[in-house]
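One-letter residues, chain by chain:
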Amino acid sequence: MSAATITPSGAGAQQRGRAGPGLQPGWGVSSERQRAIAEVLGCLVPPAGRLAPVQLRAVTAGLAARRDLWADLVVRDPDVRWYLPLHRSNSCDVWLLAWERGQDTDWHDHGGSSGSFAVAEGCLVEQYRAPGGRRIARRRLLALGAVAFGPAHVHDVAHGGGGSATSIHAYSPPLVTMTCYSTTGCGLIARETVAVVGPEGARGRGGADTALADASASAARLTPGSLPADAPSIDQLLAEARSGLTRLRPEAAFAMLTDGAVLVDIRPLEQRIAEGEVPGAVIIGRNVLEWRLDPRSEARIPALARADAQIIVMCAEGYASTLAAATLRRLGLRGAADLDGGFQAWKAAGLPTRPAQPPG
Ligand SMILES: [Fe+2]
């Protein structure tokens, strides 16, 4: 994902460090603009509690019609969807988004928050999972059109063609996490839950001076004081596991399979459905792996749970498989190795794959 270097020049752009109502220092727009927005929202947004979708719709539709509160802040970025936080309280957060041709969100939910968005300029198209089924519905929204939805809503929003688009989005409670989905032959499959890095999914770039734009840098500076001094980080654990492990590139792993090695796929079902499978791989969930392969376990698979078994553990990208293979070696399976790069590297190497076998 690329991000154009565009400097917002709007009169409302915030000076870092100034606090306004609702937003923390470093968040979005100036304190004066925050107060003006808060005045508009005053009768619509309670200071705490959960807003119903119809209330959120009043927020987004109301702000979409008030160009004087946001029009000078919008940044048009041809490379990536742009956003800026306009308001945040304990009950909801409100965002300004700018869309260019070809930009979309990918499929996502809102981590249990209800939400609404209103088109302020241009056109957006929303695809969404119809309630109670696998059917995908579609609606096209023109300027001042608005939709609202409950916490189970899953959708993909895209620029609807024509010129630039602008929209106002609101969520209650404020966004914290969202789950990303993949479209598969079995319908939409939840892929993973991620911390919110901006409204409407990860395909976006925060405006300058937004706290979310700086979140990664802040996280890198954190030193959790409550951890034991000798507690390793996940990076250290990974490096330690790899120091005593054989890692196989896909071509080498493929050659070993013909000599009797076994490829063990530890990815969850939804990931196999979304990405595909390797024909002949043994599927053992990560949560039961040690019990199936420890030769002393009552739940073992006898043909595989042997000290001399040539086990090659595969995950999606070759990280979880390292930790799993290292644990198998500790259990005494001296030949346990992992697939460097995981299923993605296997597929990229042109080795055999097939669509996942759907359940039932
Ligand atoms: Fe969304």
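Residues numbered from 1 in each chain as written. Predicted model: local features only at pLDDT ≥ 70, side-chain atom pairs only at ≥ 80, totals over all residues. Heavy atoms only, no water.

### Let's talk about the sheet that holds strand β4 (residues 123-129)
Across the sheet, three strands lie side by side as β5-β4-β7; this open sheet has antiparallel pairing. The outermost strands of the open sheet, each flanked by one partner alone, are β5 (136-142) and β7 (155-159). Direction aside, neighbouring strands of the sheet carry axes that sit 20 degrees apart on average. Taken together, the five bridges between β4 and β7 define a ladder with antiparallel strand orientation. In the sheet register, Glu126 faces β7, and the bridge partner there is Val157. (Pairing = 2+ DSSP bridges. Helix = DSSP H or I, 4+ residues; strand = E, 2+ residues; numbered from the N terminus. Axes fitted to C-alpha atoms, helices over the stretch in contact; angles between N-to-C directions.)

### Notes on the environment of Leu289
Secondary-structure assignment places Leu289 in helix α7 (residues 289-293). Separated by 36 residues in sequence, Leu289 and Ala325 have C-alpha atoms that sit 9.8 Å apart. When sequence neighbours within four positions are dropped, the list of residues in contact with Leu289 reads Val264, Ile266, Ile284, Ala324 and Leu328. (Contact = heavy atoms within 4.5 Å.)

### Focus: the nonpolar core
Grouped burial of nonpolar side chains is what soluble globular proteins tend to show. Judged by nonpolar contacts, the single largest core of 26 residues is most densely connected at Leu86, Val94, Leu96 and Ile168. Going through the elements one at a time, α1 (31-41), α2 (53-64), β1 (82-88), β2 (93-99), β3 (114-121) and β8 (165-172) are the ones with two or more residues in this core. Per-element accounting of this core gives the leading share, four residues, to α2. Residue contacts for Leu96: discarding those within four places in its chain leaves Trp70, Leu73, Val74, Trp82, Tyr83, Leu84, Leu86, Thr166, Ser167 and Ile168. (Core = buried A, V, L, I, M, F, W, Y, C linked by side-chain atoms within 4.5 Å. Buried < 20%, exposed > 50% of the residue type's maximum accessible area, 1.4 Å probe, protein only.)

### A few points about the side chain of His110
Relative to the assigned elements, His110 resides in the loop between β2 and β3. Take His110: its relative accessible area is 1%, and that puts it in the buried class. In terms of polar contacts, His110 uses its side chain to reach the side chain of His108, at 3.3 Å. Once you skip the residues sitting within four places of it in the chain, His110 turns out to touch Phe149, His153, His155, Tyr171, Leu175, Thr177, Met178 and Glu200. (Polar contact = N/O pair within 3.5 Å; in protein donor to acceptor, adjacent residues only side chain to side chain.)

### Topic: unusual backbone geometry
For the bond from Ser172 to Pro173, the omega torsion is -10 degrees, close enough to zero to count as cis. With respect to the helices and strands, the residue Pro173 is situated in the loop between β8 and β9 (177-184). Not every positive phi belongs to a glycine, and Leu144 is a case in point at roughly 70 degrees. Mapped onto the elements of the fold, Leu144 is located in the loop between β5 and β6 (146-149).

### Here we look at the confidence of the model for the protein chain
Predicted confidence across the protein chain gives a mean pLDDT of 86, with 85% of residues reaching 70 or more. In this model residues 1-21 is a low-confidence stretch, pLDDT under 50, and it forms 51 contacts with partners more than four residues away in sequence or in other chains. Between residues 213-220, whose pLDDT stays under 50, and residues either more than four places distant or in other chains, the model counts three contacts. (pLDDT = per-residue confidence, 0-100.)

### Topic: the packing of helix α4 (residues 234-243) against helix α8 (residues 320-330)
Viewed as axis vectors pointing N to C, α4 and α8 meet at an angle of 55 degrees, and their least axial separation amounts to 9 Å. Considering the angle they form, α4 stands oblique to α8. Considering the relative orientation of α4 and α8, their crossing is left-handed. Judged by residue contacts, Ile234, Leu237, Leu238, Ala241 and Arg242 of α4 engage Thr322, Leu323 and Ala326 from α8. A breakdown of the residues in the contact of α4 with α8 according to their chemical character gives six nonpolar, one polar and one charged. (Parallel < 35°, antiparallel > 145°, perpendicular 65-115°, else oblique. Left-handed = near helix turned anticlockwise from the far one by under 90°. Nonpolar A, V, L, I, M, F, W, Y, C, P; charged D, E, K, R; others polar.)

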